[in-house]
Amino acid sequence: MKFEANAHKNEFTNNENLKYVTNIRKRLWWKYDTDHNKEKNLERKGENVSEQFFEASKNQLSMAHRMGVPIMAGTDVMDSYVFAGFSLHDELYELTSAGLTNLEALQSATMVPATYSNAIEDYGTIEIGKKADLVLLDKNPLQDINNTKSINGVLLNGVYYDEEKLRELKAFTETAAGSFHMNVKTFVSLLNSPLIRVQFAD
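Residues numbered from 1 in each chain as written. Predicted model: local features only at pLDDT ≥ 70, side-chain atom pairs only at ≥ 80, totals over all residues. Heavy atoms only, no water.

Right, let's get into the packing of helix α3 (residues 23–42) against helix α9 (residues 180–192). In helix packing, the relevant descriptors are the interaxial angle and the interaxial distance, both defined with respect to the helix axes. At a closest axis distance of 8 Å, the pairing of α3 and α9 adopts a crossing angle of 40°. Here α9 runs oblique to α3, going by the angle between their axes. Residues N23, I24, L28 and W29 of α3 form the contact with α9, whose own contacting residues are N183, T186, F187 and L190. Among the residues making up the contact of α3 with α9, the classes are represented as 5 nonpolar, 3 polar and no charged. (Axes fitted to C-alpha atoms, helices over the stretch in contact; angles between N-to-C directions. Helix = DSSP H or I, 4+ residues; strand = E, 2+ residues; numbered from the N terminus. Parallel < 35°, antiparallel > 145°, perpendicular 65-115°, else oblique. Contact = heavy atoms within 4.5 Å. Nonpolar A, V, L, I, M, F, W, Y, C, P; charged D, E, K, R; others polar.)

Here you go:
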């Protein structure tokens, strides 16, 4: 919804993380989606229905939260301008702008999904005996939710990735996104995906 509301804004669509997305996805899928929503947003001057819908959805989320409905973060990673990994940080910010506290936003990506998935014995909190999948930060996200982006290191499946290793992985992803092989593979997977066919039909 945030993408649909902002598809006509260059400051939104000129995202630095586009370098991690294959050209096939950007040209065949995202460009069509962006052009369609951009045209829709600009057809009525001063009345962006998608923006109103996005704000209404945040109001609904706020109401549900106040009524005690558990809120789970989820980035819809197959959607246009949703960047795997990066977009979760944006989602946490949007949850706080809709009324969740910083702690509640963090719990929406940790404790709540672990509880929902019946995996709270292994995940969701930092305790002795639980799986040690952790993101280590330089700044406190309880003070500012955007501090979740100040990543010092990641511990995943018993392997520690420091800042240098994370930079290497990002560089590899950028290279892979521009490679012929990866773009062909993405094209074939798009053709064979029932989910993508449903989304295109939308």
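To continue, consider the environment of K139. Relative to the assigned elements, K139 resides in the loop between β1 (134–137) and β2 (151–156). A C-alpha to C-alpha distance of 8.8 Å links K139 and K149, two positions 10 residues apart in sequence. Residue contacts for K139: discarding those within four places in its chain leaves N147 and S150.

Another point: a nonpolar patch on the surface. Together, L28, F180, V184, F187, V188 and L191 make up an exposed nonpolar region whose accessible area comes to about 570 Å². Top contributing element to the nonpolar patch by residue count: α9, with 5 residues. If you trace the backbone, L28 turns up in helix α3. Judged by relative accessible area, which is 45%, L28 ranks as partly exposed. (Patch = residues over 30% accessible without salt bridge, like charges linked within 9 Å, V, L, I, M, F, W, Y side chains within 5 Å. Areas by Shrake-Rupley, 256 points an atom, 1.4 Å probe, with all protein chains shown as cover. Salt bridge = Lys/Arg side-chain N within 4 Å of Asp/Glu carboxyl O. Buried < 20%, exposed > 50% of the residue type's maximum accessible area, 1.4 Å probe, protein only.)

With that settled, the discussion passes to the sheet that holds β2. In space, the 3 strands of this open sheet follow the order β1-β2-β3, with antiparallel pairing throughout. Across the chains shown, the open sheet's two edge strands, defined by having one partner strand only, are β1 and β3 (159–162). Sheet twist, expressed as the average angle between the axes of neighbouring strands with direction ignored, equals 15°. The strands touched by helix α8 (residues 163–177) within the sheet are β2 and β3, with β3 carrying the most contacts at an inclination of about 85°. (Pairing = 2+ DSSP bridges.)

This next bit is on the environment of N152. If you trace the backbone, N152 turns up in strand β2. On the basis of relative accessible area, N152 is assigned to the partly exposed category, the value being 26%. C-alpha of N152 to C-alpha of V135: the two residues are 17 residues apart in sequence and 7.8 Å apart in space. Not counting residues within four places of it along the chain, the set of residues in contact with N152 comprises L136, L137, D138, Y160, D162 and E163. For N152, the side chain forms a polar contact with the side chain of D138, separated by 2.9 Å. (Polar contact = N/O pair within 3.5 Å; in protein donor to acceptor, adjacent residues only side chain to side chain.)

Further remarks concern a negative patch on the surface. Taken together, the side chains of D138, D162, E163 and E164 present a region of like negative charge at the surface. Counting through the fold element by element, D162 comes out in strand β3. (Lys, Arg positive; Asp, Glu negative; His and termini not counted. Charge placed at Lys NZ, Arg CZ, Asp CG, Glu CD.)

This part is about α3. The largest bend in α3 comes to about 40°, at W30. Listed in full, the buried residues belonging to α3 are R25, W29, W30, T34, N37 and N41. (Bend = angle between axes of the 7 residues up to and from the residue.)

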